[in-house]
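Architecture at a glance
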Amino acid sequence: TVYFNVVSGAKKDPEADKKLKMLLKNQFHDILPGSSINEVNTLAISEFNDLIAKYKDLTSKYSKKLVNNAEKEITVFNTLSFERNDNTKTRTCC
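Throughout what follows, the structure given in this document is the object of discussion. (Residues numbered from 1 in each chain as written. Predicted model: local features only at pLDDT ≥ 70, side-chain atom pairs only at ≥ 80, totals over all residues. Heavy atoms only, no water.)

**Concerning a nonpolar patch on the surface**
Taken together, the side chains of Leu20, Leu24 and Phe28 present a nonpolar region at the surface, about 310 Å² in accessible area. Examined against the element boundaries, Leu20 turns out to sit in helix α2 (residues 16–28). A relative accessible area of 43% places Leu20 in the partly exposed class. (Patch = residues over 30% accessible without salt bridge, like charges linked within 9 Å, V, L, I, M, F, W, Y side chains within 5 Å. Areas by Shrake-Rupley, 256 points an atom, 1.4 Å probe, with all protein chains shown as cover. Salt bridge = Lys/Arg side-chain N within 4 Å of Asp/Glu carboxyl O. Helix = DSSP H or I, 4+ residues; strand = E, 2+ residues; numbered from the N terminus. Buried < 20%, exposed > 50% of the residue type's maximum accessible area, 1.4 Å probe, protein only.)

Listed below in structure tokens is the structure:
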């Protein structure tokens, strides 16, 4: 999401720092090693699902700023830290 935010020129999400702190807390608060109690796991799953939904929405919003909304066009983003030269297979529609 940060990649799309930067290249789209959109303003920083005001909730970004809060979301990042929640993500980091859930990664390191005894959850990944499996030593947390059930209530912590339940809360972490709920928070992760919320974060995933929010980031999907943000990614969609930012990526729409980067592409033409023309029909029958496909845009592929490489969000990795290295260049790629891969083939992409698509199906034609209609």
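Next comes the rest of the write-up.
**Thoughts on the pattern of salt bridges**
Side chains that carry opposite charge are capable of pairing whenever their charged atoms lie near each other. Here the structure, examined in full by the defined rule, presents two salt bridges. The closest approach of N and O atoms between Asp50 and Lys54, which form a salt bridge, is 3.1 Å. Taken together, the positions of Asp50 and Lys54, both in helix α3 (residues 38–66) and four residues apart, correspond to about one turn of that helix. Its relative accessible area of 35% is what places Lys54 among the partly exposed residues. A salt bridge links Arg84 to Asp86; the nearest nitrogen and oxygen atoms lie 2.5 Å apart.

**A look at the side chain of Glu47**
Mapped onto the elements of the fold, Glu47 is located in helix α3. Take Glu47: its relative accessible area is 15%, and that puts it in the buried class. With residues up to four places along the chain from it excluded, the contact list for Glu47 reads Met22, Lys25 and Asn26. (Contact = heavy atoms within 4.5 Å.)

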